[in-house]
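As a plain string of letters, each chain reads:
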Amino acid sequence: MQTLTRSAAMTVRQQLAAVRVAGYFYAVDLGDPVRPQHHRVGINGECTCSLGRACPAVDAVRSYLAEGGQRAERPPFGYYPVRPARCPVCHANTATAESLSSRNRGEGWICPSGKSHYWQHRATISAMRRKLVAHGKAV
Ligand SMILES: [Zn+2]
Ligand SMILES: [Zn+2]
């Protein structure tokens, strides 16, 4: 048995990994010897486990897609099942902010600006949505 830590992550044998699409996520099975065995990787390229983008499940998804694997479902416009890996405003790394998460908006996040870029980005989404509706495009 192998417990997954940052240093052990590199030794996981990728050929044992099985990837399948589960809605907006990739469900990754890293094989029986690895604990935790099951991982969920978001379309932002980060695993929902504590290793985040350092998780070997992320590499498993990358090779799965490189080999022509099926892509996860695209969420509706403006909905984030997982936070974006980088802030859409300043492009710095984001961190999850549960207090900003909602059923309609998805997972909330903060960046080095705090909450201000999050709300700036939500305002951009609302403006784009109004424009699309005005042009008769359902979103
Ligand atoms: Zn993981
Ligand atoms: Zn930002």
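### Some points on the sheet that holds strand β3 (residues 25–29)
The sheet built from 3 strands is open, its strands ordered β2-β3-β5 with antiparallel pairing. Each edge of the sheet is formed by a strand with only one pairing partner; in this case those strands are β2 (18–22) and β5 (38–42). With direction set aside, neighbouring strand axes in the sheet form an average angle of 25°. One ladder, built from 5 bridges, connects β3 with β5; its direction is antiparallel. Among the inter-strand pairings, A27 is bridged to a residue of β5, identified as R40.

### Points about the nonpolar core
Counting 17 residues, the largest nonpolar core has V19, Y26, V28, V41, A57, A60 and V61 as its most contacted members. Those elements that place two or more of their residues in this core are β3 and α1 (56–66). Ranked by the residues each element gives to this core, the list is headed by α1, at 5 residues. What V41 contacts, discounting residues up to four positions off in sequence, is F25, Y26, V28, E46, C47, A57, V58 and V61.

### Comments concerning the pairing of β2
Pairing of β2 with β3, which is carried by 5 bridges, proceeds in the antiparallel orientation. When the bridges of β3 are listed, V19 appears paired with V28. From the end of β2 to the start of β3, which pair antiparallel, there are 2 residues, and G23 there has a positive phi angle of about 65°.

### Concerning the environment of L4
Structurally, L4 is set in the loop between β1 (2–3) and β2. A count of 22 C-beta atoms within 10 Å places L4 in the buried class. Separated by 46 residues in sequence, L4 and S50 have C-alpha atoms that sit 9.8 Å apart.

Each value, and the rule that gives it
- Residues numbered from 1 in each chain as written.
- Chains lettered and ligands numbered in written order.
- Predicted model: local features only at pLDDT ≥ 70, side-chain atom pairs only at ≥ 80, totals over all residues.
- Pairing = 2+ DSSP bridges.
- Helix = DSSP H or I, 4+ residues; strand = E, 2+ residues; numbered from the N terminus.
- Axes fitted to C-alpha atoms, helices over the stretch in contact; angles between N-to-C directions.
- Core = buried A, V, L, I, M, F, W, Y, C linked by C-beta atoms within 7 Å.
- Buried ≥ 20, exposed ≤ 12 C-beta atoms within 10 Å, placed from the backbone.
- Contact = placed C-beta atoms within 7 Å.

No statement about biological role is implied by the geometric values presented.
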